[in-house]
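Structural description and commentary
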Amino acid sequence: GAGVSQTPSNKVTEKGKYVELRCDPISGHTALYWYRQSLGQGPEFLIYFQGTGAADDSGLPNDRFFAVRPEGSVSTLKIQRTERGDSAVYLCASSLNGQGAGETQYFGPGTRLLVL
Amino acid sequence: GESVGLHLPTLSVQEGDNSIINCAYSNSASDYFIWYKQESGKGPQFIIDIRSNMDKRQGQRVTVLLNKTVKHLSLQIAATQPGDSAVYFCAEDAGGTSYGKLTFGQGTILTVHP
């Protein structure tokens with residue numbers, strides 16, 4: 001079946017602009033995760049959704065970052081007033097239930113964001 | 001040892017050799033560990049996982065070893081192939097109120113020479 005998909009695959013924007021990154025999880029997965037990966041680093045957790053609600057948003061770096069998942073499927077990560085330091089690969093993952101540790105997270109290909 | 005920024009640890013092997021990639025994790029409360037493989041331009045791909053009540057788990061050509069005493073995790077790849085060339089990350093899940101929030105290591109670059 002189809003894996004996690006993310007759009008766009010690449011996004012170039014100017015400092016100060018607003019961007020939206022989209023994630024389509026694996027069908028039937030109720031848990032969805034966003035991570036950010038800087039060059040040469042491992043992914044860093046941003047936010048985790050269980051259904052429509054954000055179960056843990058402790059990784060969002062500041063209030064310029066916001067994510068939604070209104071119908072419990074597709075999620076959008078929104079970044080306001082982008083800064084050059086926001087340049088990174090934004091990864092989305094999903095898992096079946098998201099209830100308890102030990103559930104495999106399946107990752108999408110990521111969106112490469114470049115802020116000029 | 002650990003590196004900073006772009007200087008990831010590297011491992012270079014010949015095709016057919018066995019590879020061992022090591023990882024030190026940080027949280028003694030972590031109860032689930034995962035190895036991911038990431039090829040250039042792609043997202044992390046699940047390889048194998050292990051729970052804290054185990055010390056060894058085997059998959060196809062891969063084995064994960066967990067030493068909780070020293071907080072160390074290793075990935076062994078048997079008969080390494082050129083297609084195994086990638087960056088390998090270990091990740092830990094602390095469970096409890098932090099379940100689902102994976103913490104990744106910095107990664108190791110594996111290069112397999114034909």
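Residues numbered from 1 in each chain as written. Chains lettered and ligands numbered in written order. Predicted model: local features only at pLDDT ≥ 70, side-chain atom pairs only at ≥ 80, totals over all residues. Heavy atoms only, no water.

**Focus: the sheet that holds strand E7 (residues 65–68) of chain A**
Residues and elements named next belong to chain A.
- Taken together, the four strands give an open sheet; going across it, the order is E1-E3-E8-E7, and neighbouring strands pair in antiparallel fashion. Edge positions in the sheet fall to strand E1 (5–7) and E7, since each of these pairs with one other strand and no more. Going across the sheet, the axis of each strand differs from the next one's by a mean of 15°, ignoring polarity.
- Examined bridge by bridge, E7 and strand E8 (residues 75–79) share four bridges and lie antiparallel to one another. (Pairing = 2+ DSSP bridges. Helix = DSSP H or I, 4+ residues; strand = E, 2+ residues; numbered from the N terminus. Axes fitted to C-alpha atoms, helices over the stretch in contact; angles between N-to-C directions.)

**Considering the environment of Tyr90(A)**
Residue and element names in this part refer to chain A.
- On the secondary structure map, Tyr 90 appears in strand E9 (residues 88–95).
- Taking relative accessible area as the criterion, Tyr 90 reaches 0% and is therefore assigned buried.
- Taking the C-alpha atoms as reference, Tyr 90 lies 7.3 Å from Leu 113; in sequence the two are 23 residues apart.
- When neighbours within four sequence positions are excluded, Tyr 90 is seen to be in contact with Gln 6, Leu 21, Tyr 35, Arg 36, Leu 46, Phe 65, Leu 77, Ile 79, Gly 110, Thr 111 and Leu 113.
- At a separation of 3.4 Å, a polar atom in the side chain of Tyr 90 contacts the side chain of Arg 36.
- Here Asp 86 takes part through its backbone oxygen, which lies 2.6 Å from a polar atom of the side chain of Tyr 90. (Buried < 20%, exposed > 50% of the residue type's maximum accessible area, 1.4 Å probe, protein only. Contact = heavy atoms within 4.5 Å. Polar contact = N/O pair within 3.5 Å; in protein donor to acceptor, adjacent residues only side chain to side chain.)

**Focus on the side chain of Ser95(A)**
Residues and elements named next belong to chain A.
- Tracing the sequence through the fold places Ser 95 in strand E9.
- The exposure class of Ser 95 is buried, given its relative accessible area of 0%.
- Sequence-distant contacts of Ser 95, defined by excluding residues within four places in its chain, comprise His 29, Thr 30, Ala 31, Tyr 33, Glu 103, Thr 104 and Gln 105.

That is the geometry; function is a separate question.
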